[in-house]
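Structure at a glance
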Amino acid sequence: MMYRGSQTVSTYVETPKANGEDIGQDREMTDDIFDTTYTEKEGPKPPRKIVWRNVILMSMLHIGALYGFFFIPAAKPATLLWAVVCFMLSALGVTAGAHRLWSHRSFKAKLPLRIFLAVSNTMAFQNDIFEWARDHRAHHKYSETDADPHNAMRGFFFSHIGWLLLRKHPDVIEKGKKLDLSDLYADKVVMFQRRHYKKLILVMCFIVPTVVPWYFWGESLYTAFYVPCLLRYALVLNATWLVNSAAHMYGNRPYDKNINPRENRFVALGAIGEGFHNYHHTFPYDYTASEFGIRYNLTTCFINLMCYFGLASDCKRVSKETIMARQLRTGDGSQRSG
Ligand SMILES: [Zn+2]
Ligand SMILES: [Zn+2]
């Protein structure tokens, strides 16, 4: 099939690098590299099964978040600032934490940073880190096939939110079980968050964002609940989902025109640096998830800051020569990102 394109294992075998940089072989795992050997099963697709509990919860959340907009004019400035802080923390817990650290192992993080990222990640409430990273590795390894949890070939709605409202395709479960997740099992922070996840999300995603403005600067509990809690939560969710939906459909493909993920600056802005998706699917082990480092990329700024403090290290980067060679070979001829 066309879209499965040239992001192949043989691509990497073609131009091996002495230091293993081409597939980031020196990471703790490489199970996020596209697998060309997988083929979708013949015959009719399994019937869709709606998970009504999730439909109801997601509907309630989004209605609550929309209602939250009406509380903004009456909110105290400190509350709005707090909502932004909560947005940034939750987003970093997903982008720097679940994504670049735990899914791709694109850099190393010391214990205090891993704890900070796990706490922030809990505030984002997007399933625990273990589950997020497992789904995300499957998304890269089986991109845009039945074994991709949010297969963008099933349309914008499915890849955005629909995949959370339906039972998983059997291939997602089957292939997910075979992924190398040993590094996640070995990470005590990840396993602790997974063991205590329900209690932790209650505290970090709902109680802390609501109680802090009420306790410290006398905000009304309603405003605190609807703005920094529900509205912030829904915004972070949708910003993340746009990477799976919009960044798989709209934008240019300077690195590999044979795959669907695109460079989308709008998504990069909302998802603090995660919109350079053609680059990211081509080079998933690059810690900046972009050719251009810190440009539109607060997540990279954060990781750089952590390196400065000695809390992060071993940041993987793709060399300019490798990028240019790849652009010449498989790019769509566009140079500008987004
Ligand atoms: Zn993707
Ligand atoms: Zn990724």
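In this text, all values refer to a predicted model and were calculated from it rather than measured experimentally.

**Description of the overall build of the chain**
- The number of helices and strands found in the chain is 15 helices and two strands.
- For a compact globule of 338 residues, the expected C-alpha radius of gyration is about 20 Å, and the chain comes in at 20 Å, within 12% of that figure.
- Each principal axis of the C-alpha distribution contributes one length, and for the chain these read about 65 × 50 × 40 Å.
- Out of the 338 residues in the chain, the part that is buried amounts to 49%.

**A look at the environment of Phe-206**
- Following the sequence through the fold, Phe-206 ends up in helix 10 (residues 197–217).
- Residue classification places Phe-206 among the partly exposed positions, given that 16 C-beta atoms sit within 10 Å.

**Focus: the confidence of the model for the chain**
- The predicted model of the chain has a mean per-residue pLDDT of 92, with 92% of residues at 70 or higher.
- A low-confidence stretch, residues 1–21 stays under pLDDT 50, and its non-local contacts, those more than four residues away or across chains, total 32 contacts.

**Comments concerning the environment of Ala-138**
- Tracing the backbone through its elements, the reader meets Ala-138 in helix 5 (residues 129–141).
- Distance in space between the C-alpha atoms of Ala-138 and Ile-33 is 9.3 Å, their sequence separation being 105 residues.

**A closer look at the nonpolar core**
- Ile-129 and Leu-242 are the most contacted members of the largest nonpolar core, which totals 65 residues.
- Elements that contribute at least two residues to this core include exactly helix 3 (77–103), helix 4 (111–124), helix 5, helix 9 (188–195), helix 10, helix 11 (221–244), helix 12 (265–270) and helix 14 (298–308).
- In terms of residue count, helix 11 provides more of this core than any other element does, 14 residues in total.

**Description of the packing of helix 3 against helix 5**
- Where helix 3 meets helix 5, the axes come as close as 9 Å, and the angle between the chain directions of the two elements is 60°. When the axes of helix 3 and helix 5 are compared, the pair comes out oblique. In the crossing of helix 3 with helix 5, the sense of the turn from one axis to the other is right-handed. Between helix 3 and helix 5, the contacting residues are Gly-97, Ala-98, His-99, Trp-102 and Ser-103 on the first element and Ile-129, Trp-132, Ala-133, His-136 and Arg-137 on the second.
- Its residues placed into classes, the contact of helix 3 with helix 5 shows five nonpolar, four polar and one charged.

**Notes on the UniProt feature "transmembrane region" (unreviewed entry) in the chain**
- Per the UniProt annotation, the sites labelled "transmembrane region" (unreviewed entry) are residues 55–74, 80–102, 200–217 and 223–243.
- For the annotated span residues 200–217, helix accounts for 100% and strand for 0% of the residues, and the straight-line distance between the end C-alpha atoms is 24 Å.
- Between the end C-alpha atoms of residues 223–243 there is a gap of 29 Å, over a span that is 100% helix and 0% strand.

**Let's talk about helix 10**
- Taking 1.5 Å per residue as the helical rise, helix 10 with its 21 residues ought to reach 30 Å, and the 29 Å between its terminal C-alpha atoms agrees with that figure.
- The largest bend in helix 10 is about 50°, located at Ile-207, with the proline Pro-209 one to four residues further on.
- Looking at the packing, one finds that the buried side of helix 10 touches helix 3, helix 4, helix 9 and helix 11.
- Backbone geometry just downstream of helix 10 places Gly-218 in the positive-phi region, at approximately 65°.

**Quick notes on unusual backbone geometry**
- We note that Ala-289 has phi near 50°; this positive angle belongs to a residue other than glycine.
- Along the chain, the position of Ala-289 falls in the loop between helix 13 (277–282) and helix 14.
- Even without glycine at this site, Tyr-296 takes up a positive phi of about 55°.
- By the element assignment, Tyr-296 lies in the loop between helix 13 and helix 14.
- A count of 20 C-beta atoms within 10 Å places Tyr-296 in the buried class.

**Side note on the packing of helix 10 against helix 11**
- Relative to each other, helix 10 and helix 11 sit at 140°, their axes nearing to 8 Å. Taken together, helix 10 and helix 11 sit at an angle that is classed as oblique. The hand of the helix 10/helix 11 crossing is right-handed. Residues Cys-205, Phe-206, Pro-209, Thr-210, Pro-213 and Trp-214 of helix 10 form the contact with helix 11, whose own contacting residues are Leu-221, Ala-224, Phe-225, Pro-228, Cys-229, Arg-232 and Tyr-233.
- Grouping the amino acids of the contact of helix 10 with helix 11 by side-chain chemistry returns 11 nonpolar, one polar and one charged.

**A look at the UniProt feature "domain: Fatty acid desaturase" (unreviewed entry) in the chain**
- UniProt annotation of "domain: Fatty acid desaturase" (unreviewed entry) refers to residues 81–285 when read in the numbering used here.
- The annotated region residues 81–285 carries 64% helix and 1% strand content, and the separation between its end C-alpha atoms amounts to 33 Å.

Definitions and limits used
Each residue is numbered by its place in its chain's sequence as written, counting from 1. Written order determines the labels here, with chains lettered from A and ligands numbered from 1. Totals for whole chains, interfaces and linings use every residue, but because this is a predicted model, local features are given only for residues with pLDDT of at least 70 and side-chain atom pairs only at 80 or more, for both listing and counting. The way it works is that DSSP assigns letters per residue, a run of H or I at least four long becomes a helix, a run of E at least two long becomes a strand, and they are numbered from the N terminus. Note that the radius of gyration is over C-alpha atoms, with the globule rule given as 2.2 Å times the number of residues to the power 0.38. Whether a residue is buried, exposed or partly exposed is read from the other C-beta atoms within 10 Å of its own C-beta, which are placed from the backbone; 20 or more gives buried, 12 or fewer gives exposed, and intermediate counts give partly exposed. Values of pLDDT, the confidence the predictor places in each residue, fall between 0 and 100. By definition, residue pairs are in contact when their C-beta atoms, positioned from the backbone, come within 7 Å. Throughout this description, the term nonpolar core refers to a group of buried Ala, Val, Leu, Ile, Met, Phe, Trp, Tyr and Cys residues whose C-beta atoms join them within 7 Å. For helices, the fitted line uses only the C-alpha atoms of the stretch in contact; every axis is such a line through C-alpha atoms, and the angle between N-to-C directions lies from 0 to 180 degrees. Angle categories: roughly parallel below 35 degrees, roughly antiparallel above 145, roughly perpendicular from 65 to 115, and oblique for all the rest. Rotating anticlockwise by less than a right angle from the far helix to the near helix defines a left-handed crossing, while the corresponding clockwise rotation defines a right-handed one. Residue polarity is assigned by list, with Asp, Glu, Lys and Arg as charged and Ala, Val, Leu, Ile, Met, Phe, Trp, Tyr, Cys and Pro as nonpolar; anything else, Gly included, falls into the polar class. UniProt positions are given in the numbering used here, feature names are shortened, and annotations may be inferred rather than shown by experiment. Working rule for helices: expected span equals 1.5 Å times residues minus one. Axes are fitted to the seven residues ending at a residue and to the seven starting at it; the angle between these axes is taken as the bend at that residue.

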